[in-house]
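Reading the structure
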Amino acid sequence: MSDITSITQRLKGHHPDADLERVQRAYAFAAQAHSGQVRSSGEPYIIHPIEVARILSDLGMDEDSIITALLHDTVEDTSVTLDDIRELFGEEVVCLVDGLTKVGQISFSSNEQKQVENFRKMILATAQDLRVLLVKLADRLHNMRTLNFLKEAKQRSIATETLQIYAPLAHRLGIHRIKQEMEDASFSFLEPEAYKRLSKSLALGSGKLLQNKSLLEQVLQGVLEKQGIDAKVQGRIKHLYSLFNKMKKKGLDNLDKMDDLVAFRIIVKDLPTCYLVLGVIHSIYSPVPGRFKDYIGLPKPNGYQSLHTSIHGLDKSRAEVQIRTESMHQYAEDGIAAHWAYKEKDRQSSEQEKFQWLKRMTDMLQEDCEPAELVKNMRIDLFIQEVYVFSRDGDIFVLPRKAMPLDFAYHVHTDVGHHCIGVRVNGREVDLSTHLRNGDQIEIITSPDQSPSRQWLKYACTSRARHAIRQWFRVQERQSCIHLGQEMLQQASGRKISLPNSILRRMNCDDMDGLMEKLGRSEISLDEIFVTTNQERPRWFNMLGFSKNLRIPSECCRPIPGDPVVGMFKSGVGIIIHHQSCEKVTNKESKQWLDVRWEGEESSFYAAKVQLRSRNKTGMLARTSLCIEACQVNIEDLTLDQTSGGGISTVNMLLHVRSCAHLDTVIEKLKEVDGVMSAKRQFNFDLPKINLTVSDNFKQIFFRNK
């Protein structure tokens, strides 16, 4: 059974002044609190907090972090209270345990709005002290190591959450080893067949790989020693999830076709030697063009530093080489945990300054944003790949890959973005849709008469830029929304009415203007206003032909819940919802278009157009329809075009789905059907009435092929 001794010894090595007796007391306290409890594996529960503490001690975390790891489940799962912990271990540990308890109650496997709210709670709970997030990552890592004891549905849910939320957070904190282990573990549960194939393929070829790795290690070590350079060369085979993604990106189905399976790290004593080693390596082996990156001169936003290059090594096969100092290497592996010292408050502040993305995300989450927009922004901020650009004065700016000029403008200042009328990249005028590249010099041209356009949302990808544009429209639209809300209320009632303060309070509004603004934005409905606990809705409500839910999806673009949408009020009908990419929205600017919140009805289905391209194989329609039926989806309409040539059919379907997430699931499942070449949502094709009806021809084809 695991014990606390090795943990305290490790802690002493990193923090000589640590109070080991206090850690021992925390262990004894946790063991007593969890006495009699067992995990799904059948092991005593205390093993889990011990292993979480061990992960943190390996990262070099401090005494309070280790104690928090030991106690992190006591408040939620036992009779222990925060007051008990405060009395025995002090206020700082209480704050950490309380933060972990709140974060531990958060689940991301719910609808989009709930996901956003949960993510908001987690980030706000951890932003005050990053140790909360570090302990949570260690907790999740150990749970992933023991995930095989849970049921399959639970395994997939936790693995998905880990891959989408916690592994990117580990990456953002620079903790490479935790990120990699989380990714590989999630991969094994989400894509078990692919994981087994790749593992087997790697094992079969491991002999030659290891031989080449060992040989090149020796060659590189010998060359550097001859040059009098004190360096340590370490080779490694890339981890499985990384290889899997690279194979998908390159369209490869065989590991043998991958030419950069091995990476080498060369660790030296100081920064100048890094560049000296780079020169020596390039003088012996040909570098691969376009693969050199200087993350020492331009560190990544999470603080990572290293020189990266790719070379044609033995047998002309490619190998990646990373060159760094010992301190850079430690940071590359353990990120912020590598030199976390809480007794040095100035050092702590300087560390948190490196994580401006967390502050930006915290600020963004405190604003009133649409759930879909927040989800998109979260993913951009978590999965960021960087591009380094320069201002006209030579200042360096780090933006996401595929950033555009407006992203740069809003990164400089909100006012610069709002008043942007043009941009010069490397001295040449370009349009706003231009993707910025490493090394570009950007000059923003402004005019005080310029203001944002809704079209700008198509030319901005950073959360900062998109949020600023939306906020500008919210301010500008307030009076229009108030007027619209008043018009809706008056049309529904047939007369001008005032509402009691009880309704204002229930809708969290300070005054009638605030309530009318929310109504005009469709953030609340007339139905919500008039349904009260002790009072029936007024008799006149809904007598003028309004539907119960005044937000109605348009027939032209057929939006579904989860889509980015805008709305326009139609007298006597309600607010007609359009997809932001709808031609009616994009073809003209109109102050009547409103940002609206539209989640649909929980029990309702919405029509979505899907196009399949498939091979003309026997039973194709049967397999397709079975797949759709398994996803609990109804086919309202269908057309089949077999004139594409080359034995290819195009199938256009009108499906009834509950949300974007539901549609995404259907499309992914359709892609797995044997014979299907592609499946995607369509906004612009027409389905004639009716080429193949579900009730007649389609059923005949289905049963014949079945």
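Cut-offs applied
Residues numbered from 1 in each chain as written. Predicted model: local features only at pLDDT ≥ 70, side-chain atom pairs only at ≥ 80, totals over all residues. Heavy atoms only, no water. Helix = DSSP H or I, 4+ residues; strand = E, 2+ residues; numbered from the N terminus. Buried < 20%, exposed > 50% of the residue type's maximum accessible area, 1.4 Å probe, protein only. Contact = heavy atoms within 4.5 Å. Areas by Shrake-Rupley, 256 points an atom, 1.4 Å probe, with all protein chains shown as cover. Core = buried A, V, L, I, M, F, W, Y, C linked by side-chain atoms within 4.5 Å. Pairing = 2+ DSSP bridges. Salt bridge = Lys/Arg side-chain N within 4 Å of Asp/Glu carboxyl O. Axes fitted to C-alpha atoms, helices over the stretch in contact; angles between N-to-C directions. Polar contact = N/O pair within 3.5 Å; in protein donor to acceptor, adjacent residues only side chain to side chain. Expected span 1.5 Å × (residues − 1). Parallel < 35°, antiparallel > 145°, perpendicular 65-115°, else oblique. Nonpolar A, V, L, I, M, F, W, Y, C, P; charged D, E, K, R; others polar. Patch = residues over 30% accessible without salt bridge, like charges linked within 9 Å, V, L, I, M, F, W, Y side chains within 5 Å. Lys, Arg positive; Asp, Glu negative; His and termini not counted. Charge placed at Lys NZ, Arg CZ, Asp CG, Glu CD.

Thoughts on the overall build of the protein chain
On a plain count of helices and strands, the protein chain comes out with 29 helices and 18 strands. When each of the 706 residues of the protein chain is scored for burial, the buried share is 51%. Taking contacts inside the protein chain between residues at least 6 apart in sequence as the whole, the part at least 24 apart equals 66%. Surface summary for the protein chain: the accessible area is close to 34200 Å², and the carbon and sulfur share equals 48%.

A short note on the nonpolar core
Within soluble globular proteins, side chains that are nonpolar tend to cluster in buried spots. L56, L71, I85, F89, L137, L173 and I178 are the most contacted members of the largest nonpolar core, which has 48 residues in total. For I178, the residues in contact, after removing those within four places along its chain, are I55, L59, L141 and A170. Judged by nonpolar contacts, the second largest core, of 44 residues, contains A185, C274, Y285 and L307.

Quick word on the pairing of strand β7 (residues 396-400)
Sheet analysis places strand β6 (residues 386-391) next to β7, joined by five bridges and oriented antiparallel. By the bridge assignment, E386 is partnered in β7 with P400. Between the end of β6 and the start of β7, which pair antiparallel, lie four residues, with G394 showing a positive phi angle near 95°.

Structural notes on the pattern of salt bridges
Evaluated as defined, the whole model comprises 24 salt bridges. Taking the shortest distance from any N to any O, the salt bridge between D334 and R177 comes out at 2.7 Å. Note that D334 is positioned in helix α16 (residues 326-334) and R177 in helix α11 (residues 176-190), a separation of 157 residues in sequence. Sharing partners across several salt bridges, the network here consists of R22, E63 and D64.

Regarding the sheet that holds strand β1 (residues 231-237)
Ordered by their spatial adjacency, five strands build an open sheet running β1-β2-β5-β4-β3, and the pairing between neighbours is mixed. Each edge of the open sheet carries a strand with a single partner, namely β1 and β3 (293-294). Against the sheet, helix α15 (residues 271-284) contacts β2 (262-268), β3, β4 (307-312) and β5 (318-325), and its axis sits at roughly 15° relative to β4. Where α16 meets the sheet, its contacts fall on β1, β2 and β5, and the angle it forms with β5 comes to roughly 115°.

Description of helix α20 (residues 405-412)
Across the eight residues of α20, six count as buried, placing the element largely inside the fold. If you check which residues of α20 are buried, you get P405, L406, D407, F408, A409 and Y410.

Notes on the side chain of D139
With respect to the helices, strands and loops of the structure, D139 is situated in helix α9 (residues 130-145). Here the side chain of D139 touches H72 through a polar contact of 3.2 Å, side chain to side chain. Other than its neighbours up to four places away in sequence, D139 contacts H48, V52 and H72.

A look at α11
Along an α-helix, a turn takes 3.6 residues, which lines up residues three or four apart on a common side. Given a rise of 1.5 Å per residue, 15 residues ought to cover 21 Å, and the 21 Å separating the end C-alpha atoms of α11 matches this to within 8%. Most of α11 is tucked away, with 11 of its 15 residues classed as buried. Within the sequence span of α11, burial applies to I178, K179, Q180, M182, E183, D184, A185, S186, F187, F189 and L190.

A word on the side chain of S614
The topology assignment puts S614 in strand β15 (residues 606-615). When residues no more than four places from it in sequence are discounted, the contact partners of S614 are M620, G647, I648, S649, G675, V676 and M677.

Section: the packing of helix α2 (residues 20-33) against helix α4 (residues 63-71)
With their axes 9 Å apart at the nearest point, α2 and α4 run at an angle of 10° to one another. By the angle between their directions, the pair α2 and α4 is classed as roughly parallel. In this structure, α2 uses R22, V23, A26, Y27, F29 and A30 to contact α4, whose residues at the interface are E63, D64, I66, I67, L70 and L71. A per-class count over the contact of α2 with α4 returns nine nonpolar, no polar and three charged.

Thoughts on a positive patch on the surface
Positive charge collects at one region of the surface, where K249, K250, R401 and K402 lie side by side. Inspection of the secondary structure puts K249 in helix α14 (residues 240-250). Looking at K249, the relative accessible area reads 76%, which means it is exposed.

Quick look at the sheet that holds strand β16 (residues 634-641)
If you walk across this open sheet you meet the four strands as β16-β17-β15-β18, and the pairing is antiparallel. Looking at which strands have only one partner, the edges of the open sheet turn out to be β16 and β18 (676-682). Across this sheet, the average inter-strand angle for adjacent strands is 20°, counted without regard to direction. Pairing analysis gives 10 bridges linking β15 to strand β17 (residues 648-657), with the strands arranged antiparallel. Within the sheet, the bridge partner assigned to V610 lies in β17 and is M653.

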